[in-house]
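Here's the letter readout for the chains.
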Amino acid sequence: MRFVDLNTQYERLRGAINKRVQAVLDHGQYILGPEVTELESALAEYVGANHCVALSSGTDALLITLMALGVEPGDEVITTPFTFFATGEIIALLKARPVFVDIDRRTYNIDSSQLESAITLRTKAILPVSLYGQCADYDAINAIAAAHGIPVIEDGAQSFGATYKGQRSCGLTDIAATSFFPSKPLGCYGDGGALFTNDYILDECFRELRVHGQADRNHHPRIGINGRMDSLQAAILLAKLEIFNAEVVARGRLGARYSQLIEDAFSDVSMPTPVTTPYVEAHNTSVYAQYTVEVPSRDAVQATMSECNIPTAVHYPRPIHLQPAFASLGQEPGSFPAAEKAAERVISLPMHPYLTDEQQITVIQALKDSVLEFL
Ligand SMILES: Cc1ncc(COP(=O)(O)O)c(C=O)c1O
């Protein structure tokens, strides 16, 4: 069993992907070729944003955003401590200061009720993450940000395809970034990412920043990076986009089925269920980039499941405020108790649109056996 099964997806799309790739090999415009432009239009339409800029990775998308907003040394950017390292890393890379706000214990997303008190005169942006495939509470976040005139950037690396109150992730905030890392809900065959905005000035700025700050050939009004998407990745994404809606539906069904199987599996155990299943807000749909549960004795449970050949992963065992690279921030254990508690207990189960019913049953049986062994 695979944690994410990209091979089965490729078998389904072999003809379409090969055809798209062959077209790139035939025209030979390998960087920012016609597929990139086509992809940008398709993705902008998909999320309901005016502009999409395709980029070399999700990390570069976040970096380019902060560069476009003019984030400078000493500025502050508010984010969550419970995320992939890149979210905090790009803030520090610009020598700005990540200001962490703890998470909601149920959704794992930034707790909007704690947001306002983190805002200072140096706050340049608010960067919530839509973790595990479910959007953060953007109505509340956008309202607080608007009252202070601060832009909101959605880190939608894990939520592409999810909806919040009927609107798609990456179309909910001033700016949104996503990742097309192969295992993401929409993934390419290498690194890739994108930015979304309705603001045409920001769009232009993102386009310059992805080509070394170049406005016209050999004219560089600003310092940028090499953040371009290559045409082969865009070609692959265009082929995958054709079936993405069906995959999103499958992810939703499989996530709900996992939760039901867990409830059933533990119903004969005379105690409250020791496994916490994902909580999805009624106004949200999740794409389950990760199907993540909480268990006691997580490391032991993971080791036992591995012995049963069930691949699992931990997203994330250490919140980023406790990473050695952020030691200079001086955050002690206990600073963000909700994030720290989650980090101790979470475990992600195999998740992809091609998971079979039998595989899900096998995973949940192994989960049950492992959890009961350590209770
Ligand atoms: C929440 C989050 N932010 C940012 C990133 C960075 O994206 P990439 O790997 O495409 O650079 C990821 C990807 O793993 C992510 O999960």
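The structure this text deals with has already been given above.
Definitions and limits used
- Residues numbered from 1 in each chain as written.
- Predicted model: local features only at pLDDT ≥ 70, side-chain atom pairs only at ≥ 80, totals over all residues.
- Heavy atoms only, no water.
- Near = heavy atom within 4 Å.
- Polar contact = N/O pair within 3.5 Å; in protein donor to acceptor, adjacent residues only side chain to side chain.
- Areas by Shrake-Rupley, 256 points an atom, 1.4 Å probe, with all protein chains shown as cover.
- Helix = DSSP H or I, 4+ residues; strand = E, 2+ residues; numbered from the N terminus.
- Nonpolar A, V, L, I, M, F, W, Y, C, P; charged D, E, K, R; others polar.
- Phe/Tyr/Trp six-rings, centres within 6.5 Å; stacked < 30°, edge-to-face > 60°.
- Buried < 20%, exposed > 50% of the residue type's maximum accessible area, 1.4 Å probe, protein only.
- Lys NZ or Arg CZ within 6 Å of the ring centre and 35° of its normal.
- Axes fitted to C-alpha atoms, helices over the stretch in contact; angles between N-to-C directions.
- Parallel < 35°, antiparallel > 145°, perpendicular 65-115°, else oblique.
- Left-handed = near helix turned anticlockwise from the far one by under 90°.
- Contact = heavy atoms within 4.5 Å.
- Pairing = 2+ DSSP bridges.

A. Expanded view of the site of the ligand. Surveying the vicinity of the ligand reveals 16 residues, the closest of which are G58, T59, D155, S179 and K184. Measuring from an oxygen atom of the ligand, one finds a side-chain N or O atom of S179 at 2.7 Å. Taking K184, its side chain carries an N or O atom lying 2.9 Å from an oxygen atom of the ligand. Here the ligand loses 93% of its free accessible area of 390 Å² to cover by the protein chains. Sorting elements by how many residues they give to the shell around the ligand places helix 3 (residues 58–68) first, with 3 residues. In terms of residue class, the shell around the ligand is built from 6 nonpolar, 8 polar and 2 charged.

B. Focus on the packing of aromatic side chains. According to the stated counting rule, one finds 17 aromatic pairs in the structure shown. With 6.4 Å between their ring centres and 85° between their planes, F82 and Y316 make a pair best called edge-to-face. Linking F82 in the loop between strand 2 (76–79) and helix 4 (85–93) with Y316 in the loop between helix 9 (298–307) and helix 10 (337–345), this pair joins segments that are 234 residues apart in sequence. The two residues F82 and Y316 agree in class, both being buried. For the pair Y288 and Y291, a centre-to-centre distance of 5.7 Å together with 40° between the ring planes defines the contact as tilted. Classification of Y288 by relative accessible area gives buried; the value is 9%. Within the aromatic cluster, the residues linked to one another by ring pairs are Y46, F160, F180, F196 and F244. When the ring centre of Y279 is taken as reference, the NZ or CZ atom of R106 above it lies at 4.2 Å. Directly above the ring of Y46 sits R168, whose terminal nitrogen or CZ lies 3.8 Å from the centroid.

C. The packing of helix 2 (residues 34–47) against helix 7 (residues 231–241), seen in detail. Where helix 2 meets helix 7, the closest approach of the two axes is 8 Å, and the angle between their N-to-C directions is 40°. The orientation of helix 2 with respect to helix 7, classified from their angle, is oblique. Crossing hand, helix 2 versus helix 7: left-handed. Touching E35, V36, E38, L39, A42 and L43 of helix 2 are S231, A234, A235, L237, L238 and L241, all from helix 7. Considered class by class, the residues forming the contact of helix 2 with helix 7 number 9 nonpolar, 1 polar and 2 charged.

D. Spatial organisation of the pairing of strand 9 (residues 193–197). The buried fraction of strand 9 amounts to 5 of the 5 residues, a majority that puts the element mostly inside the structure. Burial along strand 9 is two-sided: G193, L195 and T197 facing one way and A194 and F196 facing the other are all buried. Sheet topology places strand 1 (residues 51–55) next to strand 9; 5 bridges connect them, and they run antiparallel. Directly across from L55, in strand 9, lies its bridge partner G193.

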